[in-house]
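# Report on the structure
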Amino acid sequence: MRHDDLPTLELAFPGPERDRGVAAILSGHKTALTGLLEIYEHAKEAVPVAGQRFSVLDSEGRPAVTIMLVDVRVVPMKEIDDDFARSEGRGYSDAAEWRAAHKEFFRSDGVSEYLGHTPVINDDTLVVAERFRVVEPDESGVQ
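A brief structural summary. (Residues numbered from 1 in each chain as written. Predicted model: local features only at pLDDT ≥ 70, side-chain atom pairs only at ≥ 80, totals over all residues. Heavy atoms only, no water.)

### Things to note about the nonpolar core
One finds Met77, Ile80, Trp98, Phe106 and Val127 to be the most contacted residues of the largest nonpolar core, which totals 15 residues. Mapped onto this core, the elements with two or more residues apiece are strand S2 (32-36), helix H3 (82-87), helix H4 (95-106), helix H5 (109-115) and strand S5 (126-135). Filtering out sequence-adjacent residues up to four positions away, Phe106 remains in contact with Thr34, Gly35, Leu36, Met77, Val111, Pro119, Ile121 and Val127. In terms of nonpolar packing, the next biggest core, distinct from the first, is built from 11 residues, Leu11, Leu33, Leu69 and Phe132 among them. (Core = buried A, V, L, I, M, F, W, Y, C linked by side-chain atoms within 4.5 Å. Buried < 20%, exposed > 50% of the residue type's maximum accessible area, 1.4 Å probe, protein only. Helix = DSSP H or I, 4+ residues; strand = E, 2+ residues; numbered from the N terminus. Contact = heavy atoms within 4.5 Å.)

### Quick notes on the environment of Val72
Mapped onto the elements of the fold, Val72 is located in strand S4 (residues 63-76). Excluding residues within four positions of it along the chain, Val72 makes contact with Val47, Pro48, Val49, Ala50, Val128, Ala129 and Glu130.

### Let's talk about unusual backbone geometry
Residue Ala12 is not a glycine yet carries a positive backbone phi of 45 degrees. You can see Ala12 is positioned in the loop between strand S1 (8-9) and helix H1 (16-27). Despite not being glycine, Lys44 has its phi angle at roughly 55 degrees, a positive value. In this structure Lys44 comes out as exposed when scored by relative accessible area, which is 75%.

### Re the layout of surface pockets
A probe matching the size of a water molecule, rolled over the atoms, marks out where space remains unfilled. Taken as a whole, the largest pocket spans an internal volume of roughly 1,000 Å³. If you go around the largest pocket, you meet 35 residues; those closest to its centre are Glu10, Leu11, Ala12, Gly35 and Ile39. Top element by residues in the lining of the largest pocket is H4. It accounts for 5 residues. In terms of residue class, the lining of the largest pocket is built from 19 nonpolar, 7 polar and 9 charged. (1 Å grid on protein atoms, 1.4 Å probe; cavity = no way out; pocket = protein on both sides within 12 Å on 5 of 7 lines; lining within 4 Å. Points joined across faces, edges and corners; volume = space filled by probe spheres on them. Nonpolar A, V, L, I, M, F, W, Y, C, P; charged D, E, K, R; others polar.)

### Considering the pairing of strand S3 (residues 53-57)
The element S3 is largely enclosed, with a buried count of 5 among its 5 residues. Residue alternation in S3 divides its side chains into two sets, Arg53, Ser55 and Leu57 and Phe54 and Val56, and both sets are buried. Bridge count for S1 against S3 is 2 bridges, and the pairing is parallel. Each residue of the ladder has a partner; that of Thr8, found in S3, is Ser55. Counting the residues in the hairpin turn of S3 and S4 gives 5 residues, including Gly61, whose phi is positive at 80 degrees. (Pairing = 2+ DSSP bridges.)

Okay, here's the thing in structure tokens:
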């Protein structure tokens, strides 16, 4: 399976935030990501499952790296622990810092515009917490 045959994944919005995220994946610092469950519901997209592969796009919309999900959980924000927060590769020192940054992002103008309203974000807000590993597009088998 080639990059072109895979579903795509876009981190944040095009620009510096996405570029930092892609660079963190490529460097091995980022092995986890988080999405707001409400965004999946709004887009009428199924929550991803372990074993799925995605072509992660850069800010220009080009495939940058292929990842395979190894763990996917839907949890309240308060259940994200320090280890997961650090695995996001964004320099979070702990879960509290991760929560503050994600609350800010999930309430951002871009997310609010996409949803058509500013979402209510608190410790009970459900997020999709995903762990992944980098793979070649045609690599087979889960490790």
